[in-house]
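Descriptive analysis of the structure
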Amino acid sequence: MRSRAEIVIVGAGVAGASIAWHLAERGCTDVLVLDRADPTSGSTFHSAGLVGQLRSSLPVTQMMMHSVDVYRRLEADAVVTGRSPDWREVGSLRIACTPARMEELQRQDGWAKTFGLPMSLISAAEAHERFPLMDTRGVLGAAWLPTDGYLDPSGVTNAFLGGARSRGVEVEANVRVTDLVVDAGRVTKVVTDAGSVEAGSVVLACGMYTPDVAALAGVTVPIVPMAHQYLITKNVEGVTPALPQLRDPDNLVYFRREGDGLLLGGYERNPAPWSLHGVPADFNNRLLPEDWERFAPLMERACRRVPAAETADVITLVNGPEGFTPDNEFVLGESEVHGLFVAAGFCAHGIAGAGGVGRVMAEWLLDGEPSFDTWKMDIRRFGAQYRSRDFARDRVVEVYSTYYDIHYPNEERTAGRPLRRSPAYPRLEALGCEFGEKSSWERPNWFRPNAAGGNTAERPRGWAGEHWDPAIGVEARACRDRVALFDETSFSKMEIGGPGASAFLDHLCANDVDRPVGSVVYTQLCNEAGGIECDLTVTRLGANRFLLVTGTAFGNHDLGWIRKQLERQVHDDVHARDVTAAWACYGIWGPGSRVLLSSLTSADLSNEAFPYMTAREISIGAVPVVALRVTYVGELGWELYCPTEYGLTLWDALWDAGTAHGMVAGGYRAIDALRVEKGYRVWGADVTPADNPFEAGLGFAVRLDKEPAFLGRDALRAAKERGVTRRLRAIVLADPRAVTLGSEPVRVDGEIVGRVTSGGYGFRVGRSIAYAYVPTDRSHIGRSVHVEVFGDWVPGEIMRDPMYDPAGERIKA
């Protein structure tokens, strides 16, 4: 075996094979693929081989669509290469047996329109024509996607490996990794039982074995093997080569053709985690014992939908472990150990995504970052709490057992809670808080007693009205009219410090952050293409000390990205660290906030002494506080940061003083409603690495003339000179109770031109507001548009944003 390779891929299943093939396609052949046994001997060989493309986000769907393109190509090339993936593009049916499921299909049909997939909604009779074995009793309709299909998992893996080998990639089987050598925070060597290999980069694409291998470098990968079962029958009359996939989520089962018989499986309510403390060393090319007792309820449901299955002879019941993640998405990207990448956690849809994963990982390795937003799949989204195998298992069991459930927006997970709690948690609980969870933080969604003063007639129709409460409107209006107190301790907080901190941040930030101590700056951090990698505030606490505040779910991403730039620029005199847990944070906003706070401090809070976008160290009662005059709700107020040990005392002081001012406790759902009508953006939805600030309406936060140049400046300058081709616009819907949830298609002059990025109901303006990127030549203010909300094309109008307080007079009062 060779002693050095630029890239070492650990795992020769479908993931590692696809990555090797995509690297070779781009001319990178100094690649070594290692497998502890034979290729496909982990989970790949027993995969069901289904390929479904539509997912809830555009980037993941794009990955699946790329997979289909690659599988078509491999099948066409098989005439010459002899390596066929046995790709069968027979289409897929997803049926609905309840009105709620039919609404889900309508929502997915809207996504498909904006993602470029040829999906259509059809009747139960039309579905039966395509899948004649189906009993259509109870079926209300179906979604038909003709470009879905299935393939042979081992065949596609061998096709990838064969193509990579033909270009010079080396593949070594029966080589076990025993150690990963890390030097100065970077992986440098892979140690195996057949010798050591020096490596520029290492990719762990070894499926359910990945956590054990990653642990050799001190990296946690939260993947739990789950025993997944499907049954294969002998010949079934009526099975033809053109028979499509069939998914019946209301019965938790799926079907496809297998030879002249059927393959049928599903996701049971009582799943079985397996081998939680590491996969056995000899578990290669092996299955688990058949578990008929656990499979019986699924079999009963399957026979109800396809009666022929009841009398068909059984060839085998396949019970194979598959690696699942706590949120049912891939684990991709570079870990905290530089040069050590992960591509695993395929959650039983790895065959569908393998082609796209190969492309994404090749881009990460060769270009430094993927060509589209992969945050939902990024390894950095998982926090330190996932070092606990028990916590990871509980979360995985929850997502597996609800795999086919309808997941309404704002649905809350229950497993592993409560875990992270702010100092004010007991007070919030006593106030009747309805808690939500993000990044394992318990956060207020709303407060139940506030609902008494609410208006149930404002409940949005359909899905937007699920997980909704009239208290949201009460809290939003109280913030506009009086004053509201919000616990924002979960906000991610980072400290950048050291002698070179100012120069380093000025290079990263599109705005000018080299300002006097006490300045607060809103800015984007862009990649080289000008896309928005981070959207946050930077507060200068000292000459060489800065506080960065971003969204709860984005802290790991932002800190990881910042540290990556720190490594690239070799700033030995700069440190970047997470200080989220060190600070409690409360937002107090509303026209009465200044008077209320002035009763608790001797500090001058006047506009002249404490202007907007500045910070000061003050005392609230006996509590030392860093007060930032910023807002995410569009009202006068402050974010108050104090050391965590003072957090409960600070909450009590604010709450006790607030009673005389009619103050209410508010939750994050009110914050979102307030930010929608104020036009504040959300990273990951309204702005992503694929969007630049000028398109997003954030050009005011970009300083193109700043010297030295910031990262992405050249790309942004060129974009501005060319002129933007699309703009993020606010759309007001004619029906105030038709509230968008994201990814709904937007139509102008009869043509679909974009999709909704985020939306909500503005309680002060009394309108349903959606945000969407619209072509510049069709984005003028007053333009009529239509937005599809669950199959209905709702009229709307492009409006200038922000709709509330457009001059910013209230926040600067």
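Scroll up a little and you will see the structure.
As the structure is a prediction and not an experimental result, all values here were calculated from the model.

**As for unusual backbone geometry**
Of note, the bond from Arg417 into Pro418 is cis; its omega dihedral lies within 30 degrees of zero at -10 degrees. Checked against the element boundaries, Pro418 lands in the loop between α10 (389–401) and α11 (425–430). Its identity as a non-glycine residue notwithstanding, Asp86 has a phi of 55 degrees, on the positive side. Checked against the element boundaries, Asp86 lands in the loop between α2 (58–81) and β4 (92–96). Assessed through its relative accessible area of 30%, Asp86 is described here as partly exposed.

**Examining the pairing of strand β13 (residues 245–248)**
Remember that side chains alternate between the two faces of the sheet whenever the strand is regular. The alternating pattern of β13 places Gln245 and Arg247 on one face and Leu246 and Asp248 on the opposite face, and all of these are buried. Relative to β13, β4 runs parallel, the two sharing 3 bridges. Along β13, the bridge assignment pairs Ser92 with Gln245. As consecutive antiparallel partners, β13 and strand β14 (residues 253–258) are separated by 4 residues, and within that stretch Leu252 has a phi angle of approximately 70 degrees, a positive value.

**As for the sheet that holds strand β16 (residues 314–324)**
Sheet architecture is open: 8 strands sit in the order β5-β6-β4-β13-β14-β15-β12-β16, paired in mixed fashion. The outermost strands of the open sheet, each flanked by one partner alone, are β5 (120–122) and β16. The sheet shows a mean angle of 25 degrees between the axes of neighbouring strands, direction not considered. Examined bridge by bridge, β5 and strand β6 (residues 141–145) share 3 bridges and lie antiparallel to one another. For Ile122, the partnering residue across the bridge sits in β6 and is Ala142. Packed onto the sheet, helix α7 (residues 292–305) meets β4, β12 (224–233), β13, β14, β15 (261–266) and β16 and runs at close to 50 degrees relative to β12. Across the sheet, α10 touches β12, β15 and β16, and the angle it forms with β12 is around 30 degrees.

**Quick word on the nonpolar core**
In terms of nonpolar packing, the biggest core is built from 83 residues, with Phe131 and Leu340 touching the most fellow members. By residue number, the principal contributor to this core is β12, which donates 6 residues. Formed by 49 residues, the second largest nonpolar core is a distinct cluster that contains Ala12, Phe160, Leu161 and Val360.

**A short note on the side chain of Arg681**
Among the structural elements, Arg681 can be located in the loop between α17 (668–678) and α18 (713–722). Of the polar contacts made by the side chain of Arg681, one reaches the backbone oxygen of Ala696; its length is 3.0 Å. Once you skip the residues sitting within four places of it in the chain, Arg681 turns out to touch Asp535, Tyr632, Arg675, Asp686, Val687, Ala696, Gly697, Leu698, Leu728, Tyr771 and Asp801.

**Notes on the pattern of salt bridges**
Here the idea is simple: oppositely charged side chains can pair when their charged atoms come close. Scanning the model with the defined rule gives 54 salt bridges in all. Linking Arg101 and Asp250 is a salt bridge whose minimum nitrogen-to-oxygen distance equals 2.9 Å. Within this pair, whereas Arg101 is found in helix α3 (residues 99–115), its partner Asp250 is found in the loop between β13 and β14, the two being separated by 149 residues in sequence. Residue classification places Arg101 among the buried residues on the basis of a relative accessible area of 3%. Given the relative accessible area of 22%, Asp250 is considered partly exposed. Measuring nitrogen to oxygen at the nearest pair gives 2.8 Å for the salt bridge that ties Arg305 to Asp248. Of this pair, Arg305 sits in helix α7 while Asp248 sits in strand β13, and the two are 57 residues apart along the sequence. In terms of burial, Arg305 and Asp248 fall into one category: buried. One connected set of salt bridges, linked through shared partners, spans Glu25, Arg73, Asp77 and Arg167.

**Here we look at the sheet that holds strand β29 (residues 623–628)**
A sheet is described by the order of its strands in space; here 6 strands give the open sequence β28-β29-β30-β27-β21-β31, paired in mixed fashion. Where the open sheet ends on each side, the last strands, each with one partner, are β28 (615–620) and β31 (664–666). Between one strand and the next, the sheet's axes are offset by a mean angle of 30 degrees, whatever the strand orientation. In this sheet, β31 lies alongside strand β21 (residues 484–487) in parallel orientation, the contact comprising 3 bridges. Within β31, the position partnered with Leu485 by the bridge is Ala665. This element, helix α12 (residues 471–481), spans β21, β27 (583–589) and β31 of the sheet and lies at about 120 degrees to β31. Most of the contacts of helix α16 (residues 647–658) go to β27, to which it runs at about 15 degrees, and overall it touches β21, β27, β28, β29, β30 (637–643) and β31.

**Some words on the state of the cysteines**
Counted by the stated rule, this structure contains 0 disulfides. With no disulfide of its own, Cys206 lies closest to Cys347 among cysteine sulfurs, the gap being 15 Å. Cys585 takes part in no disulfide bond, and the closest cysteine sulfur, belonging to Cys642, lies 8.8 Å away. Among the residues examined, Cys585 registers a relative accessible area of 0% and is labelled buried.

**Some remarks on the pairing of strand β18 (residues 340–344)**
In terms of burial, β18 is a largely internal element, 5 of the 5 residues being buried. Here β18 shows two buried faces, one formed by Leu340, Val342 and Ala344 and the other by Phe341 and Ala343. When strand β11 (residues 195–204) meets β18, the two strands line up parallel, connected through 3 bridges. Opposite Val202, over in β18, you have Leu340 as the bridge partner. Across 4 bridges, the pairing between strand β17 (residues 331–334) and β18 is antiparallel. In the sheet register, Val331 faces β18, and the bridge partner there is Ala344. Where β17 folds back on β18, the antiparallel hairpin that results is connected by 5 residues, among which Gly339 adopts a positive phi of roughly 85 degrees.

**Some thoughts on α7**
Between its terminal C-alpha atoms α7 stretches 19 Å, which fits the 20 Å expected from 14 residues at 1.5 Å a residue. A maximum bend of about 30 degrees is found in α7 at Leu298. Here α7 has its buried residues at Arg294, Phe295, Leu298, Met299, Ala302, Cys303 and Arg305.

**Some remarks on the packing of aromatic side chains**
On inspection of all chains with the given rule, the structure shows 28 aromatic pairs. For the pair Tyr71 and Trp87, a centre-to-centre distance of 5.9 Å together with 50 degrees between the ring planes defines the contact as tilted. Taken together, the residues span a long stretch of sequence, with Tyr71 in helix α2 and Trp87 in the loop between α2 and β4 at a distance of 16 residues. The same class applies to Tyr71 and to Trp87, which are both buried. Between Phe610 and Trp638 the ring centres are 5.7 Å apart and the planes differ by 75 degrees, which places this aromatic pair in the edge-to-face class. Of this pair, Phe610 sits in the loop between α15 (593–598) and β28 while Trp638 sits in strand β30; the two residues are 28 residues apart in sequence, bridging distant segments of the chain. Here Phe610 falls in the buried class, since its relative accessible area comes to 0%. By relative accessible area, which is 0% here, Trp638 ends up buried. Through successive ring pairs, a cluster of aromatic residues spans Tyr254, Tyr267, Phe324, Tyr400, Tyr403 and Tyr404. Arg443 extends its terminal NZ or CZ atom over the ring of Tyr668, reaching a point 3.5 Å from the ring centre.

What counts as what
- Residues numbered from 1 in each chain as written.
- Predicted model: local features only at pLDDT ≥ 70, side-chain atom pairs only at ≥ 80, totals over all residues.
- Heavy atoms only, no water.
- Helix = DSSP H or I, 4+ residues; strand = E, 2+ residues; numbered from the N terminus.
- Buried < 20%, exposed > 50% of the residue type's maximum accessible area, 1.4 Å probe, protein only.
- Pairing = 2+ DSSP bridges.
- Axes fitted to C-alpha atoms, helices over the stretch in contact; angles between N-to-C directions.
- Contact = heavy atoms within 4.5 Å.
- Core = buried A, V, L, I, M, F, W, Y, C linked by side-chain atoms within 4.5 Å.
- Polar contact = N/O pair within 3.5 Å; in protein donor to acceptor, adjacent residues only side chain to side chain.
- Salt bridge = Lys/Arg side-chain N within 4 Å of Asp/Glu carboxyl O.
- Disulfide = S-S within 2.5 Å.
- Expected span 1.5 Å × (residues − 1).
- Bend = angle between axes of the 7 residues up to and from the residue.
- Phe/Tyr/Trp six-rings, centres within 6.5 Å; stacked < 30°, edge-to-face > 60°.
- Lys NZ or Arg CZ within 6 Å of the ring centre and 35° of its normal.

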